[in-house]
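Structural overview for review
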Amino acid sequence: MPSWSPVSTQSGPDRTTNLRIPTLPDSVMKIRALLQREDVGIGEVSIALSKDPPLAIKVLRIANSVQIGASEPKTSVQAATSMLGLRGVASVVLRAGLIAPFEHLKDADGFSLKDLWCHSILVGQIAENIARACRHRGYDMMPQEYYTCGLVHDIGKIILYDNFGDEFLHVVREKPADVSDIQAESAAFLGLNHAEIGAMAAELWLLPRPVIDVVKFHHRPLDPGSTPEVVTVVTCADEIADLVEAYPDGKPRDLVAKLRTVPPGCTQEMLIKAVSLALVLRPTIEV
Ligand SMILES: [Fe+2]
Ligand SMILES: [Fe+2]
């Protein structure tokens, strides 16, 4: 059973004031805290990881799956962490630990947790790709941290589903066509939507401030308080993921023409490459 941490909201009836957000596994929090230290080395991180064998195995599996074109699979935690680098390890540990608190949830008609994780991983991979291509260093974020943003951007949907079950599904299924998920959620859950709730979770999990802000603003990257140069990278990656999910046989150039959000410094050619990559990656993602 996951452990739960109640999060208070400023207004709303009991059910929203008692919103439950799960904590992450201790080992994940400890390793992420370790990675915050400026003097930490790969060896120390590898030892910490090795103390949680199931987590270490997940990290190895993910490390080997995300390193496209790597010469040979890594079989030791030390080799995998060396290959990923410290910031890469932080993202991969988070991915490995993020799913555990939600493993008790079952799919429902029209709501597949596996699909949502695949979507989140794809958004992370594409956001990292765009950040590298555009050389985005906004907010002092490295490209690997854009991956983290993608990974958690829709986590609020899973938290809403966990808290409200069928009621949440009803809200997003039955909303009028011209109402967005975010608007429908806000109306039903007293101003709380999956972006706001995801940001609360990111804060609880001690993710970096820029990641919290990206989650909060990913559906309104140009709003006051947002940092558009960072958030638009993730919003664009989110749109790309939605497009390749809707049009798996689409032509990259045609899909790029449908994009609404283009990050500053991102050229048409970069977008075509990002969409092409998304089309290739999508069927290969494993949760
Ligand atoms: Fe979203
Ligand atoms: Fe999304």
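Keep in mind the model is a prediction, meaning the values are calculated, not measured.

Right, let's get into the overall build of the protein chain. A count of helical and extended segments in the protein chain gives 15 helices and 2 strands. In the protein chain, which comprises 287 residues, the share counted as buried stands at 41%. Across the protein chain, every contact between residues at least 6 apart in sequence was considered, and the portion connecting residues at least 24 apart equals 62%.

Our focus in this paragraph is the packing of helix H2 (residues 26–36) against helix H3 (residues 42–50). The geometry of H2 relative to H3 is characterised by a closest axis approach of 10 Å and an angle of 175 degrees between their N-to-C directions. Judged on the interaxial angle alone, H3 and H2 are roughly antiparallel. Contacts from Lys30, Ile31, Leu34 and Leu35 in H2 reach Glu44, Val45, Ala48 and Leu49 in H3.

Before going further, it helps to examine the packing of helix H12 (residues 209–217) against helix H13 (residues 228–246). Following both chains from N to C, one finds H12 and H13 inclined at 60 degrees, their axes separated by 9 Å at the closest point. Classified by the interaxial angle, the pair formed by H12 and H13 is oblique. At the point where H12 passes H13, the crossing takes the right-handed sense. Together, Pro210, Val214 and Phe217 of H12 and Val230, Val231 and Val234 of H13 make up the contact between the two elements. Residues belonging to the contact of H12 with H13 are distributed by class as follows: 6 nonpolar, no polar and no charged.

This paragraph deals with the environment of Asn64. One can find Asn64 in helix H4 (residues 53–66). Sequence separation of Asn64 and Leu84 is 20 residues, and the distance between their C-alpha atoms is 9.7 Å.

Before going further, it helps to examine the nonpolar core. Counting residues in each nonpolar core, the largest one holds 81 residues, and the members touching the most others are Val59, Ile126, Ala127, Ile130, Ala237 and Ile240. The residues that make up this core include at least three from each of domain 1 (20–104) and domain 2 (106–287). When sequence neighbours within four positions are dropped, the list of residues in contact with Val59 reads Leu49, Val77, Ala80, Val92, Val93 and Ala96.

In this section: the environment of Cys149. With respect to the helices and strands, the residue Cys149 is situated in helix H7 (residues 143–152). On the basis of neighbour count, Cys149 is assigned to the buried category, with 32 C-beta atoms found within 10 Å. Sequence separation between Cys149 and Pro208 is 59 residues, and the spatial gap between their C-alpha atoms is 9.8 Å. The residues touching Cys149, leaving out its near neighbours within four places in the chain, are Ala127, Val211, Val214, Val215 and Val234.

To continue, consider the confidence of the model for the protein chain. Segments scoring low in pLDDT should not have their predicted coordinates read at a detailed level. On average, the protein chain scores 87 in pLDDT, and the residues at 70 or more come to 90%. Mean pLDDT across the elements of the protein chain bottoms out in strand E1 (residues 4–6) (44) and peaks in helix H14 (residues 252–257) (98).

All right, on to unusual backbone geometry then. Positive phi is not limited to glycine here, since Leu190 has a value of about 50 degrees. Mapped onto the fold, Leu190 is located in the loop between helix H10 (181–188) and helix H11 (194–204). C-beta crowding within 10 Å serves as the criterion here: with 14 such atoms nearby, Leu190 is assigned to the partly exposed category. Its identity is not glycine, yet Leu206 carries a phi of approximately 60 degrees, on the positive side. With respect to the helices and strands, the residue Leu206 is situated in the loop between H11 and H12.

Calculation notes
- Residues numbered from 1 in each chain as written.
- Chains lettered and ligands numbered in written order.
- Predicted model: local features only at pLDDT ≥ 70, side-chain atom pairs only at ≥ 80, totals over all residues.
- Helix = DSSP H or I, 4+ residues; strand = E, 2+ residues; numbered from the N terminus.
- Buried ≥ 20, exposed ≤ 12 C-beta atoms within 10 Å, placed from the backbone.
- Contact = placed C-beta atoms within 7 Å.
- Axes fitted to C-alpha atoms, helices over the stretch in contact; angles between N-to-C directions.
- Parallel < 35°, antiparallel > 145°, perpendicular 65-115°, else oblique.
- Left-handed = near helix turned anticlockwise from the far one by under 90°.
- Nonpolar A, V, L, I, M, F, W, Y, C, P; charged D, E, K, R; others polar.
- Core = buried A, V, L, I, M, F, W, Y, C linked by C-beta atoms within 7 Å.
- Domains from an automatic or database assignment.
- pLDDT = per-residue confidence, 0-100.

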